[in-house]
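Geometric and topological summary
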Amino acid sequence: MYGLIVLTLGISLSMGQTPMELNVLTMHNIRANLDRRVEPCTDLWAYACGNWSSSHRQVDNFGLAEEHYARAMAPLLNGGYPRNRMQAPRLMQKMSDYFRACVGNQPRKLELPQELRIGSSDWTVAAARLRKYGVNGVFFDETPDVAYNDSRHHVVQLKMPADLSSSRTQLGQELLALGEKFRREESLLQSWTLAELKQQIPQINWHNYFKELLDTELNGVDLRVEVSDVEYLRSVGELLQRSNLTTVEQYLCSRLASLAREAAPLSAGRAASCVHHMRAILPLGMNYIYDQYVYRTRSEDTRQLAEIFGSLRFMFGKYLDANRLRLSPEQLDYVRGKLRGMQLKIGNLPDASTTAHFYDSHYDSANFSSTDFQQNLWQALRLRTHLQHAPLRQPGAALSLMHYYVNDDVFVARNAPYFEPERNRLTVPMIFMQFPLYDHRQHLIFQHSLMGFILAHELSHAFEQDGILFDANGNESPIGLGIRRLATFQTALQCVKRTRTASLKERLADVNGLQLAYDAFFGLFHDSHKLEYRPYAFEREFLAPQLFHLSFAQFFCGRLPPAIGHDMDDVRVNEAARNLHQFAIDFKCRQQSQSPQIDCEMWRPGKQ
């Protein structure tokens with residue numbers, strides 16, 4: 001019941017709550033989630049989040065944000081947008097047709113688009129046709145990306161699929177055996193022209209594959225490829241040359257059916273499910289509509305986030321002045337240049353100067369129906385692949401930073417902020433810019449402990465063991481590799497490895513991010529033992545340092561669904577807090593053993 005109250009209050013924020021009322025509501029939420037039977041010094045996550053499940057029906061805070069988002073977007077997509085403010089009418093009509101077909105969709109037998117009904121005796125052509133509709137990793141993984149040493153230019157990356165276990169057909173089992181054979185080998189990256197690719201791996205008809213995939217003759221296309229797993233690709237070509245056509249078709253059909261199930265909305269016919277499906281499949285249209293008709297605080301949020309981000313960069317600069325890792329002058333310049341050039345962006349949209357015509361014409365090639373959802377989905381998948389590969393059809397395949405980032409082959413949209421090392425850019429999705437995750441009217445203690453930590457976490461990704469390899473322009477650099485090889489850097493990595501983790505780089509971003517956010521707000525070498533805090537007007541029990549930790553921890557409140565690429569949320573909170581020595585001071589924790597706690601710190605200056 002309380003979750004419904006929070007949801008209603010959260011939506012009503014745009015109707016004029018005062019900052020004090022908003023802060024009182026935030027504290028009310030924090031208190032409702034506390035489990036006072038638990039000691040924060042023993043398990044901060046359980047203390048801060050122990051009562052979440054009894055107060056909310058949603059899985060976590062992102063569930064709340066998604067619910068708010070869907071409630072705002074569904075009426076607009078159903079045609080309830082103000083006509084007098086409509087700047088991209090064709091886009092709005094296409095998005096509305098897609099939504100209505102999705103909501104009215106009823107389960108039925110899978111119907112393929114005409115292009116996929118045409119048989120082919122050439123497996124490369126058949127595989128390329130499936131790739132057009134988002135089926136990747138069929139026999140190999142094909143991804144348009146930027147060159148590893150030139151982030152301004154696009155290339156095609158070819159490699160062994162990460163997962164070859166998705167089919168139980170005979171051919172699927174043979175591919176799995178090949179993967180197991182070659183995955184044990186060290187793979188070198190080769191950078192070739194298309195002509196060199198044909199020469200080096202003649203077992204695959206690359207000309208036919210890319211001609212079909214790119215819908216163009218390749219004579220005038222300056223296509224470059226970056227190839228891993230060369231011996232695997234040669235073996236796959238040989239395997240498919242001796243496989244009969246029926247076997248190949250069975251395998252391709254199983255992969256296509258798997259994609260159709262994965263791409264469909266989670267709950268057929270439900271408006272909220274259709275909204276979130278469209279966020280993943282048609283991101284530009286959804287972001288544009290949300291920005292035009294729902295998001296009302298962009299200017300205030302942009303200013304506030306710039307200030308928070310600026311304080312984090314300033315503090316990281318202080319870290320570099322202390323030079324804990326003992327970097328050389330050249331290495332310091334490298335890191336400072338990367339920090340200085342880092343960009344912050346709200347929403348995955350093109351540059352603000354982009355005209356409405358760009359949005360209106362973006363989906364011109366799609367002919368969405370208001371009644372046939374299945375054919376709409378096929379068109380949307382094909383359009384996304386077309387947009388991903390569009391730069392490859394241009395001479396030089398130059399990357400335009402003015403345009404938005406066309407998302408990967410995902411079927412669940414990103415909710416959390418993310419860092420792109422190839423662009424040295426941190427993007428905050430607009431769905432994240434809403435209560436209870438953020439509101440520009442909240443007190444700074446709430447903004448810096450939650451949003452500040454999230455931004456610091458993503459900023460830290462630029463300087464962990466993978467991110468450090470990319471320079472300010474997004475190119476892999478030998479200077480970054482030299483930093484990673486430093487004994488001081490490796491010692492910091494080994495410290496974090498003392499406790500098991502699902503992802504070392506995510507653990508580093510959590511630990512380094514919380515330290516950076518705390519220092520940016522309270523200052524370097526902060527010691528609450530030496531200070532006397534006055535209580536806030538909206539909170540009498542918890543003083544500022546304790547409130548910082550609780551607000552940070554409650555970002556991770558939820559029912560602990562299985563984590564993908566991260567540790568479980570309780571582990572993330574407790575490990576980050578354990579490596580911030582001020583946490584024990586702020587909560588007056590008693591030392592549990594004779595040996596002092598050793599905090600893992602990579603960039604942060606040592607204690608004074």
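One structure accompanies this document, and this report is about it. (Residues numbered from 1 in each chain as written. Predicted model: local features only at pLDDT ≥ 70, side-chain atom pairs only at ≥ 80, totals over all residues. Heavy atoms only, no water.)

1. With respect to the overall build of the protein
Each helix and strand counted, the protein has 26 helices and seven strands in total. Rg of the C-alpha trace for the protein: 26 Å, near the compact-globule value of 25 Å for 608 residues, within the 12% margin. Once the C-alpha set of the protein is aligned to its principal axes, its extents read approximately 80 × 60 × 45 Å. If you take every contact in the protein between residues at least 6 apart in sequence, the share linking residues at least 24 apart comes to 75%. Accessible surface, the protein as shown: approximately 27,100 Å² in total, 51% of it carbon and sulfur. (Helix = DSSP H or I, 4+ residues; strand = E, 2+ residues; numbered from the N terminus. Rg over C-alpha atoms; globule rule 2.2 N^0.38 Å. Contact = heavy atoms within 4.5 Å. Areas by Shrake-Rupley, 256 points an atom, 1.4 Å probe, with all protein chains shown as cover.)

2. A few points about the nonpolar core
Within the largest apolar cluster, 175 residues are counted, with the highest numbers of intra-cluster contacts made by Phe139, Phe210 and Trp603. In this structure, Trp603 is in contact with Phe316, Tyr319, Leu320, Arg324, Leu325, Leu327, Val335, Phe463, Ile468, Phe489 and Asn512, ignoring residues within four places of it in sequence. (Core = buried A, V, L, I, M, F, W, Y, C linked by side-chain atoms within 4.5 Å. Buried < 20%, exposed > 50% of the residue type's maximum accessible area, 1.4 Å probe, protein only.)

3. Some words on the pattern of salt bridges
Counted under the stated rule, the structure contains 33 salt bridges. Two residues, Glu142 and Arg131, come together in a salt bridge whose shortest N-O distance is 2.8 Å. In this pair, Glu142 is assigned in strand 1 (residues 141-147) and Arg131 in helix 8 (residues 123-132), connecting sequence segments 11 residues apart. Accessibility classification places Glu142 together with Arg131 in one group, the buried group. A salt bridge links Glu420 to Arg423, with the shortest nitrogen-to-oxygen separation between them at 3.2 Å. The network of salt bridges with shared partners includes Glu115, Arg129, Lys132, Glu212, Asp215 and Arg382. (Salt bridge = Lys/Arg side-chain N within 4 Å of Asp/Glu carboxyl O.)

4. Concerning the sheet that holds strand 5 (residues 343-346)
One open sheet holds the three strands; their spatial order is 5-7-6, and the pairing between them is mixed. The outermost strands of the open sheet, each flanked by one partner alone, are strand 5 and strand 6 (418-420). Across the sheet, the mean angle from the axis of one strand to that of its neighbour is 25 degrees, orientation sign disregarded. Relative to strand 7 (residues 425-428), strand 6 runs antiparallel, the two being bridged by three bridges. (Pairing = 2+ DSSP bridges. Axes fitted to C-alpha atoms, helices over the stretch in contact; angles between N-to-C directions.)

5. Looking at the pairing of strand 2 (residues 150-159)
The two faces of the sheet receive side chains in turn, since in a regular strand these alternate between them. Pairing of strand 1 with strand 2 involves seven bridges; the strand directions are antiparallel. Bridging from a neighbouring strand, Ala147 pairs with Asp150 of strand 2. Linkage of strand 1 to strand 2, two consecutive antiparallel strands, is achieved through a turn of two residues. Across three bridges, strand 2 lies against strand 4 (residues 224-227) in parallel orientation. Note on strand 4: the bridge partner recorded for Val156 is Val225.

6. As for the pairing of strand 4
Inspection of the sheet shows strand 3 (residues 190-193) paired to strand 4 by four bridges, in the antiparallel sense. Within strand 4, the residue paired with Gln190 across the bridge is Val227.

7. Observations concerning the packing of aromatic side chains
Remark: the centre distance and the inter-plane angle together describe each pair of aromatic rings, the angle taken between the planes. Evaluation of the coordinates by the stated rule reveals 36 aromatic pairs. With a centroid separation of 6.2 Å and an interplanar angle of 35 degrees, the aromatic rings of Tyr81 and Tyr293 are classed as tilted. One end of the pair, Tyr81, is in the loop between helix 5 (61-77) and helix 6 (89-103); the other, Tyr293, is in helix 15 (residues 283-293), and 212 residues separate them in sequence. Ring centres of Trp123 and Phe139 lie 5.2 Å apart, and the angle between their planes is 85 degrees; on these two criteria the pair is classed as edge-to-face. A residue pair is termed long-range when its members are at least 10 positions apart, and Trp123 in helix 8 and Phe139 in the loop between helix 8 and strand 1 qualify at 16 residues. (Phe/Tyr/Trp six-rings, centres within 6.5 Å; stacked < 30°, edge-to-face > 60°.)

8. Focus on the state of the cysteines
If you walk through the whole model with that rule in mind, you get four disulfides. Each disulfide pairs two cysteine sulfurs, and for Cys102 the partner residue is Cys274, the sulfurs being separated by 2.1 Å. A torsion of -90 degrees about the S-S bond marks the disulfide between Cys102 and Cys274 as left-handed. In this pair, Cys102 is assigned in helix 6 and Cys274 in helix 14 (residues 271-281), connecting sequence segments 172 residues apart. The residues Cys102 and Cys274 share a single accessibility class, namely buried. Cysteine pairing for the protein, with bonded cysteines counted in sequence order: 1-7, 2-6, 3-4, 5-8. (Disulfide = S-S within 2.5 Å.)

9. Here's the deal with the sheet that holds strand 3
Pairing in this open sheet of four strands is mixed, and the strands run 1-2-4-3 from one edge to the other. Since the sheet does not close on itself, it has two edges, and those belong to strand 1 and strand 3, each with one partner. Here the strands of the sheet are splayed against their neighbours by 35 degrees on average, with no regard to which way each runs.

10. Describing the packing of helix 2 (residues 19-33) against helix 24 (residues 544-554)
Running from N to C, helix 2 and helix 24 point in directions that differ by 75 degrees, and their axes come no closer than 11 Å. What the angle tells us is that helix 2 and helix 24 run roughly perpendicular. Counting all contacts with helix 2, which are made through Met27, Asn29, Ile30 and Asn33, the residues of helix 24 involved are Leu547, Leu550, Ser551 and Gln554. Grouping the constituent residues of the contact of helix 2 with helix 24 by class yields four nonpolar, four polar and no charged. (Parallel < 35°, antiparallel > 145°, perpendicular 65-115°, else oblique. Nonpolar A, V, L, I, M, F, W, Y, C, P; charged D, E, K, R; others polar.)

11. A short note on the environment of Ile289
With respect to the helices and strands, the residue Ile289 is situated in helix 15. Among the residues examined, Ile289 registers a relative accessible area of 1% and is labelled buried. Measuring from C-alpha to C-alpha, the distance between Ile289 and Leu77 comes to 8.6 Å, with 212 residues separating the pair along the chain.

12. Some remarks on helix 13 (residues 245-263)
Under the 1.5 Å per step criterion, the end-to-end length of helix 13 is 27 Å for 19 residues, consistent within 8% with the ideal 27 Å. Turning to helix 13, its buried residues number three or more, namely Thr247, Val248, Tyr251, Leu252, Arg255, Leu256, Leu259, Ala260 and Ala263. Against the buried residues of helix 13 lie helix 7 (114-117), helix 8, helix 9 (170-182), helix 12 (230-241), helix 14 and helix 19 (373-389). Its side-chain oxygen at 3.1 Å from the backbone nitrogen of Thr246, Asn244 defines the N-terminal cap of helix 13. (Expected span 1.5 Å × (residues − 1). Polar contact = N/O pair within 3.5 Å; in protein donor to acceptor, adjacent residues only side chain to side chain.)

13. Observations concerning the environment of Glu238
Mapping Glu238 onto the fold places it in helix 12. Considered as a pair, Glu238 and Ile204 are 34 residues apart in the sequence and their alpha carbons are 8.1 Å apart.

14. A few points about unusual backbone geometry
Leaving glycine out, the prevailing phi sign among residues is negative, and the prevailing peptide bond configuration is trans. With an omega of 10 degrees, the peptide bond running from Phe435 to Pro436 counts as cis. Inspection of the secondary structure assignment puts Pro436 in the loop between strand 7 and helix 20 (444-461). Within the chain, Asn323 stands out as a residue other than glycine whose phi angle is a positive 55 degrees. Even without a glycine there, the phi angle at Asn424 is positive, about 50 degrees.

15. Notes on the packing of helix 5 against helix 14
At a minimum axis distance of 9 Å, the contact between helix 5 and helix 14 shows a crossing angle of 95 degrees. In terms of orientation, helix 5 lies roughly perpendicular with respect to helix 14. Contacts between helix 5 and helix 14 involve Glu66, Tyr69, Ala70, Met73, Ala74 and Leu77 from the first element and Ala271, Ala272, Val275, His276, Met278 and Arg279 from the second. In terms of residue class, the contact of helix 5 with helix 14 is made up of nine nonpolar, one polar and two charged.

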